[in-house]
Amino acid sequence: MSTETDGTSDDAGPLARWARNAIHNPRRVYRALFYVAMAFFMVTTVFPFYWLLVLAVTPQGNLLSGSFLPTVDLFGVRSTFPLPVPKGFNPTAFVTVFEQVPFHLYVLNSFVLAATTTVIVLVVASLAGYVFGRIEFPGRALLMLGILAISYFPPAAFVIPLFQAFAGNVPITIPFIGVPLFTPPRLLNTPGSMVMPFSALFLPLSIFILTTFYGQIPDGLEDAARVEGTTRLGALFRVIVPLSAPGVATAGVLTFISVYNEYFFSSIMATSPEASKWSPIVGGILSYQTQYTTQYNLMAAASVVGVIPVVVLVIIAQERIVSGLTAGALKE
């Protein structure tokens, strides 16, 4: 009987043998999945950054002259190297980006816009998270579903109405009636035209995160604070928010990184030369492109410089982000 079984297993195809080995040794499957995930990460994340470095250190005159994939001779066989390499070496591009354009001001503008949006989002999300997480009221689940549904709308769907509203030329009217209410001020090419859309787009996720954390705080802690004479608002910021520090930090870091890296609204709401004083990193990178020339090496160098602060922030806050996203996953 065992001989027939062994003979049948030997005659099985490679897929069947791999499945049988995976059942007996699942660690091989986990290791294979790990390598697949790492390869996907390298291709989609690390390679674009490497490609930026290659373009940044390549002189402008060599960017359009031939391929970046050199031909190498291995054991008498000529083949194409699988990774692009710089055609020359010009590290002064990282200095030129600050000499030709005040790029440090664009980085500072991105930090100010991201920090301002993060503060607004955290304050509003804390108030909404307290209501959704700790107060029972009719329609709470339906209202939360509506807030989360907003985050699934593409940002392009809001461009035309927001552009008209921020231009200050069209009065705001009551829907379906057409009665004008007021004419909004002109916010186009000002920081407000970016902070307001950013806050609205990134608010639903922060509300959902903080609702989960605030709902896990025992009622007795808040009741003890209320007995001492504090209000609900005081209990929120003195008791609940400090106890939910991982969730608050997670929502804040995710919002800050998302706003700092935002491109869509940044490139649309800052279109005039007057907006150059407050334009974010996107405006600085696009300033190396004129009507007749495009300095790709400087654009790549500026992109690398702009990514470095976010990379440092993620490295510092990665433990807090992971603990915040996984907290509450196990019900004890």
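Thresholds, definitions, all that
Residues numbered from 1 in each chain as written. Predicted model: local features only at pLDDT ≥ 70, side-chain atom pairs only at ≥ 80, totals over all residues. Heavy atoms only, no water. Helix = DSSP H or I, 4+ residues; strand = E, 2+ residues; numbered from the N terminus. Rg over C-alpha atoms; globule rule 2.2 N^0.38 Å. Buried < 20%, exposed > 50% of the residue type's maximum accessible area, 1.4 Å probe, protein only. pLDDT = per-residue confidence, 0-100. Contact = heavy atoms within 4.5 Å. Axes fitted to C-alpha atoms, helices over the stretch in contact; angles between N-to-C directions. Parallel < 35°, antiparallel > 145°, perpendicular 65-115°, else oblique. Nonpolar A, V, L, I, M, F, W, Y, C, P; charged D, E, K, R; others polar. Phe/Tyr/Trp six-rings, centres within 6.5 Å; stacked < 30°, edge-to-face > 60°. Lys NZ or Arg CZ within 6 Å of the ring centre and 35° of its normal. Expected span 1.5 Å × (residues − 1). Salt bridge = Lys/Arg side-chain N within 4 Å of Asp/Glu carboxyl O. Polar contact = N/O pair within 3.5 Å; in protein donor to acceptor, adjacent residues only side chain to side chain.

Chemist: I keep staring at the overall build of the protein and nothing clicks. Help me out?
Modeler: When helices and strands are tallied, the protein shows 14 helices and four strands. A compact globule built from 332 residues would reach a C-alpha radius of gyration of about 20 Å, whereas the protein, at 27 Å, exceeds it by more than 25%. Expressed as lengths along the three principal axes of its C-alpha atoms, the size of the protein is roughly 80 × 75 × 45 Å. For the protein, with 332 residues in total, the buried portion stands at 33%.

Chemist: How do you make sense of the confidence of the model for the protein when you look at a structure like this?
Modeler: Per-residue confidence for the protein averages 82 on the pLDDT scale, and 90% of its residues sit at or above 70. Considering each helix and strand of the protein separately, the mean pLDDT is smallest for helix H1 (residues 2-10), with a value of 48, and largest for helix H5 (residues 103-134), with 92. Every residue in residues 1-8 is under pLDDT 50, and counting partners more than four places away or in other chains gives zero contacts. Below pLDDT 50 for its whole length, residues 328-332 participates in one contact with residues either more than four positions away or in separate chains.

Chemist: How should the packing of helix H6 (residues 140-150) against helix H8 (residues 192-214) be read in this particular structure?
Modeler: Any two packed helices are characterised by the angle at which their axes cross and by the distance between the axes. Interhelical geometry of H6 versus H8 gives an angle of 140° and a closest axis separation of 8 Å. As judged from the angle between their axes, H6 and H8 are oblique. Between H6 and H8, the residues in contact are Met 144, Ile 147, Leu 148 and Ile 150 and Pro 204, Ile 207, Phe 208 and Thr 211, respectively. Of the residues assigned to the contact of H6 with H8, the class counts are seven nonpolar, one polar and no charged.

Chemist: Sorry if this is basic, but what is going on with the environment of Pro 184 here?
Modeler: You can see Pro 184 is positioned in the loop between strand S4 (180-182) and H8. Aside from chain neighbours lying at most four places away, what touches Pro 184 is Ala 165, Gly 168, Val 170, Pro 171 and Ile 172.

Chemist: I'm lost on the packing of aromatic side chains in this one. Help?
Modeler: What describes a pair of aromatic rings is the distance from one ring centre to the other and the angle between the planes of the rings. Overall, the coordinates contain 12 aromatic pairs when judged by the stated rule. Ring centres of Phe 103 and Tyr 106 lie 6.5 Å apart, and the angle between their planes is 40°; this geometry places the pair in the tilted category. Taken together, the residues span about one helical turn, with Phe 103 and Tyr 106 both in helix H5 at a distance of three residues. The exposure class of Phe 103 is buried, given its relative accessible area of 0%. The class for Tyr 106 is buried, based on a relative accessible area of 8%. Plain terms: the ring middles of Phe 132 and Phe 137 are 6.0 Å apart, the flat faces sit at 55° to each other, and that makes the pair tilted. Exposure remark for Phe 132: the relative accessible area of 8% places this residue in the buried category. Every member of this aromatic cluster is reached through a ring pair, and the members are Phe 98, Phe 103 and Tyr 106. Sitting above the plane of the Phe 68 ring, Lys 87 keeps its charged end 4.4 Å from the centroid.

Chemist: What is the right way to look at helix H11 (residues 245-260) in this model?
Modeler: Residue pairs three or four apart in sequence face the same way in an α-helix, which turns once every 3.6 residues. Under the 1.5 Å per step criterion, the end-to-end length of H11 is 22 Å for 16 residues, consistent within 8% with the ideal 22 Å. Listed in full, the buried residues belonging to H11 are Gly 247, Val 248, Thr 250, Ala 251, Gly 252, Val 253, Thr 255, Phe 256, Ile 257, Val 259 and Tyr 260.

Chemist: What exactly am I supposed to notice about the pattern of salt bridges here?
Modeler: Side chains that differ in charge, positive against negative, can pair when their charged atoms come close. Inspection of every chain in the model, using the stated rule, returns four salt bridges. The residue Arg 134 makes a salt bridge to Asp 219 at a minimum N-O spacing of 2.9 Å. In this pair, Arg 134 sits in helix H5 while Asp 219 sits in helix H9 (residues 219-227), placing the two residues 85 residues apart along the sequence. According to the relative accessible area criterion, Arg 134 is buried, its value standing at 16%. With relative accessibility at 51%, the residue Asp 219 sits in the exposed group. Of the charged contacts in the structure, one is a salt bridge between Glu 222 and Arg 232, with a shortest N-O distance of 3.8 Å. Placement of the pair is Glu 222 in helix H9 and Arg 232 in helix H10 (residues 232-243), with a sequence separation of 10 residues. Using a relative accessible area of 7% as the deciding quantity, one classes Glu 222 as buried. Here Arg 232 falls in the partly exposed class, since its relative accessible area comes to 41%. When salt bridges with common partners are traced through the structure, they connect Arg 134, Asp 219, Glu 222 and Arg 232 into a single cluster.

Chemist: Mind showing me how you'd approach the side chain of Thr 255 here?
Modeler: If you trace the backbone, Thr 255 turns up in helix H11. Here the side chain of Thr 255 touches Ser 206 through a polar contact of 3.3 Å, side chain to side chain. Within polar-contact distance, the side chain of Thr 255 engages the backbone oxygen of Ala 251 at 2.7 Å. Contacts of Thr 255, omitting those with residues within four sequence positions, involve Thr 117, Thr 118, Val 121, Phe 202 and Ser 206.

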